[in-house]
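Now for the letters of each chain:
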Amino acid sequence: MMPSQGPGDAPGVRGEDVSAGPSGGARASATDDVLVRIRDLTFRRGERTIFDGLDLDIRRGAVTAVMGPSGTGKTTLLKLITGQLRPDAGRIEVDGVAVHELDKAALYRLRRRMGMLFQSGALLTDLNVFDNVAYPLREHTDLSPSLLRKLVLLKLEAVGLRGARALRPSELSGGMARRVALARAIALDPEIILYDEPFTGQDPISMGALVSLIRQLNDASNLTSVLVSHDVAEATRIADHIYLISQGRVVAQGSPTEIAAERSTWVRQFMDGQPDGPVHFHYPGPALAADLLNRGGR
Amino acid sequence: MLLDPLARLGRSGLDVLARFGRGHQLLLAMVLGVGEVLRRPRLLIAQVYNVGVLSMLIVGVSGLFVGMVLALQGHYVLARFGAAESLGLMVAASLVRELGPVVTALLVAGRAGSALTAEIGLMKATEQLAGLELMAVDPVRRILVPRLFGGVLAMPLLAAIFSAVGVLGGYFVGVGLLGVDAGAFWSQMQAAMDVREDVVNGVIKSLVFGVVVTWIALFQGYDCSPTSAGVSRATTRTVVHGALAVLGLDFVLTALMFGG
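Each value, and the rule that gives it
- Residues numbered from 1 in each chain as written.
- Chains lettered and ligands numbered in written order.
- Predicted model: local features only at pLDDT ≥ 70, side-chain atom pairs only at ≥ 80, totals over all residues.
- Helix = DSSP H or I, 4+ residues; strand = E, 2+ residues; numbered from the N terminus.
- Buried ≥ 20, exposed ≤ 12 C-beta atoms within 10 Å, placed from the backbone.
- Pairing = 2+ DSSP bridges.
- Contact = placed C-beta atoms within 7 Å.
- Axes fitted to C-alpha atoms, helices over the stretch in contact; angles between N-to-C directions.
- Nonpolar A, V, L, I, M, F, W, Y, C, P; charged D, E, K, R; others polar.
- Expected span 1.5 Å × (residues − 1).
- Parallel < 35°, antiparallel > 145°, perpendicular 65-115°, else oblique.
- Left-handed = near helix turned anticlockwise from the far one by under 90°.
- UniProt positions renumbered as here; feature names shortened; annotations may be inferred.

From N to C terminus, chain B includes 10 helices and 0 strands. Over its C-alpha atoms, taken along the principal directions, chain B stretches across nearly 65 × 55 × 35 Å. Counting the 260 residues in chain B, one finds 46% classified as buried.

Here we come to the pairing of strand β4 (residues 89-94) of chain A. Residues in a regular strand point their side chains to alternate faces of the sheet. Residue and element names in this part refer to chain A. Relative to β4, strand β1 (residues 34-45) runs antiparallel, the two being bridged by 5 bridges. Paired with Arg-37 across the two strands is Glu-93, which belongs to β4. The pairing of β4 with strand β5 (residues 97-98) spans 2 bridges and is classified as antiparallel. Bridging from a neighbouring strand, Val-94 pairs with Val-97 of β5.

Residues and elements named next belong to chain A. Strands sit in the order β2-β1-β4-β5 across an open sheet of 4 strands; the sheet is antiparallel. Every other strand in the sheet has two partners, leaving β2 (48-59) and β5 as the edge strands with one partner each. Strands β1, β2 and β4 of the sheet are contacted by helix α1 (residues 74-81), whose axis makes an angle of about 120° with β1.

Residues and elements named next belong to chain A. Where burial is concerned, most of strand β9 (residues 241-246) is hidden: 6 out of the 6 residues are buried. Of the strand pairs in this sheet, strand β3 (residues 63-67) and β9 are connected by 4 bridges, and their pairing is parallel. Following the sheet pairing, Met-67 is matched in β9 by Leu-244. If you look at the hairpin formed by β9 and strand β10 (residues 249-254), you'll find 2 residues sitting between the two strands, and Gln-247 has a positive phi there, around 55°.

Now for the interface of chain A and chain B. Every contact between the two is made by 14 residues of chain A and, on the other side, 10 residues of chain B. Of all the elements in the fold, those that place two or more residues in the side of chain A that touches chain B are α2 (104-111) and α3 (129-140) of chain A. Looking at which element gives the most residues to the side of chain A that touches chain B, the answer is α3 of chain A, with 4 residues. Residue classes in the side of chain A that touches chain B are distributed as 7 nonpolar, 4 polar and 3 charged.

Residues and elements named next belong to chain A. For helix α5 (residues 174-185), which comprises 12 residues, the first-to-last C-alpha distance of 16 Å matches the rise-based estimate of 16 Å (1.5 Å per residue) to within 8%. By the criterion of burial, α5 is predominantly enclosed, with 11 of the 12 residues buried. Among all positions in α5, only Gly-175, Met-176, Ala-177, Arg-178, Arg-179, Val-180, Ala-181, Leu-182, Ala-183, Arg-184 and Ala-185 are buried. Buried residues along α5 sit in contact with β6 (114-117), α3, α4 (145-158), β7 (192-196) and α6 (204-220).

Here we take up the sheet that holds β6 of chain A. Residue and element names in this part refer to chain A. Ordered in space as β6-β7-β8-β3-β9-β10, the 6 strands form an open sheet in which the pairing is mixed. Strands at the two margins of the open sheet, each flanked by one partner only, are β6 and β10. Neighbour-to-neighbour, the strand axes of the sheet open up by a mean angle of 15°, direction not taken into account. One ladder, built from 4 bridges, connects β6 with β7; its direction is parallel. Of the residues in β7, the one forming a bridge with Met-116 is Leu-194.

So, on to the packing of helix α5 (residues 87-125) of chain B against helix α9 (residues 195-223) of chain B. All names here are of chain B. α9 packs onto α5 with a crossing angle of 20° between their chain directions and a minimal axis gap of 8 Å. Relative to α9, the element α5 lies roughly parallel. The element α5 and its partner α9 pack so that their crossing is right-handed. Taken together, the residues of the contact of α5 with α9 sort by class into 15 nonpolar, 11 polar and 5 charged.

Moving on, we get to the UniProt feature "transmembrane region" (unreviewed entry) in chain B. All names here are of chain B. In the numbering used here, UniProt assigns the feature "transmembrane region" (unreviewed entry) to residues 48-70, 168-187, 199-219 and 239-258. The span residues 48-70 carries 83% helix and 0% strand; its end-to-end C-alpha distance comes to 29 Å. Taken end to end, residues 168-187 comprises 80% helix and 0% strand; its first and last C-alpha atoms sit 14 Å apart.

Here's what the structure looks like:
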């Protein structure tokens, strides 16, 4: 499981000023452009350290992909950014505000400026598509029913599902459910949208639609997008900037071109999907022969 | 090695205490969120329907049979002492004071309580609760509070239905089948039943059981492990803990109300 190289072998490693590093993002240039700033983040679950001094910047207006093998804490990172989890040490700032220091009311005010697309979609199963998208608008605005209807239909039009507004979540395919969830996530016109593994389990058509949607929405609405994924090809296609994380740290970062040119064995194994390399297929354990000869229980 | 069982015991003791603490924190948060149901009474009405109206059939049928059995058993005993005319009083007092609130609470824990736990647990497992939080909507206020107060309101109404149908069941068996005088059946009941002593105490019991059963059901769902096994365990715990809490509290309340 251990990469053969240390993070220092990769470009843009922890310890460097990640905000000043090169990025392929068209809009990512100045330090002031950073919307989410994470510094020296440490987070543990029981005995296990998920993040150990993580530094990471998300620039305004850019699509930033955070990638890494399964179990590296990518979803946990999103939960930390949205304040669902609190770090053991370090700082997480969104637009200059330390998320982990906010009380509940302030955190909820901040979340109204965020949208999140869950891996499962997280649609409310007792509401139809229209009511799911209308839900945050009804909760947080006093729009008239007719204006609310127009707004919901426009959001659904943006994801190509205006015609499916009467369907229940149980009648949607996985790809459709994620697009409805995306319409709901952008209902309040957030400044930042976080995608948790949006491409997992999608057929090629849904995948293509989602990839285009994420990019188009980001550019058309001047959003900032954080994309957590291990689908290398899709994430690389739309990202302005990529972070590769492993063992609780950033092991490489840069534009898709820079990451493609990176020669470190760990980065190449992950980006090219090689089965053998510094990341081992087998979970650490005793040798097979010793295990088979052991007469113990399990 | 020798201390392992002791360590395990200590750990499970701490787990129970922590769970108890989380449960009370949740109850406090729900009580403080009462404003939500005042602002949006439709949420409350929907939950009174879910917990109350949808439980009416099982509560009504159970009340009918319990009343009929009470009349049979009561007549057998009372007739030996020449007091069969007191059957109406015995059936009504047993139902209004005791069996109505207790059996209704047990039935609600089994039907509506388990449904609430499964619903909340699945909402947790499918990230619906997390989704609400990310939409800056407090799931405790938006989802749990209406269900708590819906359960609390529905419980005394269901207990009243249970007792009323039970009395009718007792009348059918006592007067219709066993030949007790109808006038005596009703007049003894009317003369001896006291609003404060019997009816109000029964309603107080029902309200307390309503809080406890719904609270346990909601907490188990909200605190469950978000897996199929976790939801299954939580649903079982709702019924077991709910039933034990109702029976234990019934003793305490009865001792306080009628103990002398």
